[in-house]
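Examination of the molecular architecture
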Amino acid sequence: MKNFFLFVLLISINFSFSQNSHVLGEKYYEKGEYEKATQIFKKLYTKNPFNTTYLSRLISCYQETEKFIEVENLLKNKLKQSHNRGFLYVHLGYNYERKKQKDLAKLNYELALKYVEKMPTYGSVIAFTFKEYNLLDYAVLAFNKAMAKNKNLNYGFQIAQIYGEKGDLKKMIDSYIALIDKKSDFYDIVLRYVSLYITGDSENEANILLKEALIKKSNSNPKNNWNSMLSWLFTQQKEYDKALLQEKALYYRNPSDLGAIFQLGKIALENKNYDSAKACFDFILQNSSIDSEIIDSRLSLAKISIATNDNRAESIFKFLINEFGENENTIKIQVAYADFLTFQKNDPVQAKIVLEKALSFAISKFDKAKIKLKLGDVLIFTGQYNKALICFSQVQTKLKNHELAHQARFKVAQTSYFKGDFSWAKIQLKVLKGSTTQLIANNAVDLYLTITDNESQDSIPSGLEKYAKADLLAFQNKISQAIDTLNLIKLKFKGHPIEDEALFKQAELYTKQGQYDLAITNYEKIINLGDEGILTDDALHKIASLYHNNLNNKEKASEYYQKIIFNYPSSIYLVDARKNYRKIRGDTF
């Protein structure tokens, strides 16, 4: 037993020594101290002659110090000891290449490939050794030869990735498509890899090649996967109408699931593409008899109605209430109706009655939380901030770490901000910056920066209190009063950091009212404050969008898209600007 423990102890000591030496050797290597690294890796390799990591690093150290003869002798001796190590031919070939002996390099690469034909299961080791030296064409050859000799091997993903590294996007995409064609189970993982090359720009090379490959496949060998991927691609490009055509084709083949079309409508709605969103929800209503799908689609249509001011929202809510009643199954209708009554009809009293009634038949703690969150909003609307804070705090306490609790914390911070309690608001927002829910985290960061960038210094007024008041009025949908408050900020705090925020906020409210010219004037003022302003590219994009989508002035829209393209190449709006600029210009690809 003593001998056994001694044996284990010696192994542990040896392993620890090797690990520490390896780390030190890597540090020397990274710093370019190749002589020192050589000594360490030589010792490590001598003690561990089957460790290919130590061998590779020792070879590299020799080559960096131009000791090519040492590498050649080392590898030839290894090959004499065993001919079953084909990857050594790759190392030897690359060593000849470093010595400018191209013919000998090629000869050894071919010997490595012949070894793959003899022992295909070692093909991946040889291919990855080629890849290590950036000999990508040889790596592809090695993978293909291995698969040709052994039909059970599949290196399709590795080959596709190599084509991607080479920048050969067509072959990469064709390889990924072939994988799905061979086995549908590969769809999700292929989508994950392909997404690394796809952007929101429909003229991006990878987008074009993927679309062409999928359309070709759809015509020659129809499969659901091709429609699904086309729908995904069009969604990335915000071409929701085209995505809907693909989803309809899928539905007609399997008329049992409308979930994908609902998700598409939701995405289109979030991106304010109301026509495409409406088309999705209308299609669901035409084809569904399931209560939950009908309710969700009609509620979404109500949101579209409110956003587009078409005055149909109230009739939609009344239909839903008459059709499905007031009960625990229709709580989402009650909550949405209360929001409508408060912020669109200016009837918070009736909204409160609706929510309190909903609370009486709510069973789930999550439903109760949603009702209380909306009740808090109604209380803020009526200026009952402390009661609103109690509602939000109750949700936080009942549902710790849940997304609804994070929403409640943000609402606590927002309410504190509205009240002018900026210190408490910041404490809450700091916690939320790490929220797992991206929207909440982003909103928290935005509000936190608004406060910290504009807080009073040394008792000198900064306008933040007034700005918070304007924000509150905007939240209460009292748009004209919010605009008037922002006018006071612009007059009193001209030249202060808060001026551009007041201009931007006011421009958004003008847009909401349909006063596009006034909005553009504000955005122009932001641009004129200086190119270094953090809101400058936002303002340019807003103006371009207004001219493009609201004023139908394509010439002016093009002018502003160009300014983003040429003056703000790192802007988050670059892809959208380029896409819309090309569309206006009439480019075809």
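Residues numbered from 1 in each chain as written. Predicted model: local features only at pLDDT ≥ 70, side-chain atom pairs only at ≥ 80, totals over all residues. Heavy atoms only, no water.

**Here we look at the packing of helix α16 (residues 274–287) against helix α17 (residues 291–308)**
As a reminder of what qualifies: A fitted line through C-alpha atoms represents every axis, and for helices the fit uses only the stretch in contact; the resulting angles, taken between N-to-C directions, go from 0 to 180 degrees. Strands here are runs of E lasting at least two residues and helices are runs of H or I lasting at least four, both read from the DSSP assignment and numbered beginning at the N terminus. An angle below 35 degrees is treated as roughly parallel, one above 145 as roughly antiparallel, one from 65 to 115 as roughly perpendicular, and anything else as oblique. Handedness of a helix crossing follows the sense of rotation of the near helix relative to the far helix, less than a right angle counterclockwise being left-handed and clockwise being right-handed. Residue contacts are counted whenever heavy atoms from the two residues lie within 4.5 Å of one another. Polar here means any residue outside two lists: the nonpolar Ala, Val, Leu, Ile, Met, Phe, Trp, Tyr, Cys and Pro, and the charged Asp, Glu, Lys and Arg; Gly therefore counts as polar.
Between α16 and α17, whose axes approach to 9 Å, the crossing angle comes to 155 degrees. When the interaxial angle is binned, α16 and α17 end up roughly antiparallel. Here α16 and α17 pass one another in a crossing that is left-handed. Contacts between α16 and α17 pair Tyr274, Ala277, Lys278, Phe281, Asp282, Ile284 and Leu285 from the former with Glu293, Ile294, Ser297, Arg298, Ser300, Leu301, Ile304, Ala307 and Thr308 from the latter. When the residues that make up the contact of α16 with α17 are grouped by side-chain class, the tally is nine nonpolar, three polar and four charged.

**Looking at the confidence of the model for the chain**
Which entries qualify depends on this criterion: Each residue carries a pLDDT score, the predictor's confidence in it, ranging from 0 to 100.
Confidence in the prediction of the chain, expressed as mean pLDDT, is 89, and 94% of residues score 70 or more. Looking at the elements of the chain, mean pLDDT is at its lowest for helix α1 (residues 2–30), recorded as 58, and at its highest for α16, recorded as 97. When the criterion is pLDDT under 50, residues 1–17 qualifies, and its contacts beyond four places in sequence or with other chains add up to one contact.

**Quick look at a nonpolar patch on the surface**
Heads up, the rule is: Two distance rules govern patches: like charges are joined within 9 Å, and nonpolar side chains (Val, Leu, Ile, Met, Phe, Trp, Tyr) within 5 Å, applied only to residues with over 30% relative accessible area and no salt bridge. All accessible areas in this document rest on Shrake-Rupley with a 1.4 Å probe, and a residue is counted as covered only by the protein chains that are shown. Salt bridge criterion: a side-chain nitrogen from Lys or Arg within 4 Å of a carboxyl oxygen from Asp or Glu. With a 1.4 Å probe rolled over the protein chains alone, any residue whose accessible area is under 20% of its type maximum counts as buried; one over 50% counts as exposed, and the rest are partly exposed.
Residues Leu104, Leu107 and Leu111 make up a contiguous nonpolar surface patch of about 220 Å² in total accessible area. Classification of Leu111 by relative accessible area gives partly exposed; the value is 32%.

**Some words on the pattern of salt bridges**
Going through the model one piece at a time under the given rule, you end up with 30 salt bridges. Note that Asp201 is salt-bridged to Arg582, the shortest N-O span being 3.6 Å. Taken together, the residues Asp201 in the loop between α11 (187–194) and α12 (205–220) and Arg582 in helix α32 (residues 574–585) connect sequence positions 381 residues apart. Between Lys505 and Asp471 there is a salt bridge whose closest N-O contact spans 2.9 Å. You can see Lys505 sitting in helix α28 (residues 498–513) and its partner Asp471 sitting in helix α26 (residues 464–475), a full 34 residues away along the chain. Lys505 gets classed as buried once you look at its relative accessible area, which sits at 18%. Judged by its relative accessible area of 15%, Asp471 falls in the buried class.

**Digging into the side chain of Ser305**
Within the fold, Ser305 resides in helix α17. Here Ser305 falls in the buried class, since its relative accessible area comes to 3%.

**Brief notes about the side chain of Ser571**
Filter applied, for reference: Identification of polar contacts relies on pairs of N or O atoms within 3.5 Å, with a donor-acceptor requirement for protein atoms, meaning one able to donate a hydrogen and the other able to accept it, and with residues adjacent in sequence counted only if both atoms are side-chain atoms.
Considering the arrangement of structural elements, one finds Ser571 in the loop between α31 (554–567) and α32. One polar contact links the side chain of Ser571 to the main-chain amide nitrogen of Tyr573, over a distance of 3.0 Å.

**What about helix α8 (residues 136–149)?**
In plain terms, the rule: The span expected for a helix works out to 1.5 Å for each residue beyond the first. This arc corresponds to the set of directions leading from the helix axis out to the C-beta atoms.
The end-to-end C-alpha distance of α8, which contains 14 residues, comes to 20 Å, matching closely the 20 Å that a straight helix rising 1.5 Å per residue would cover. Among the residues of α8, Leu136, Ala139, Val140, Ala142, Phe143, Ala146 and Met147 are the ones counted as buried. Projected down its long axis, α8 shows its buried positions confined to an angular sector of 160 degrees, all on one face. Exposed positions of α8 whose direction lies more than 90 degrees from the buried face are Asp137, Ala148 and Lys149.

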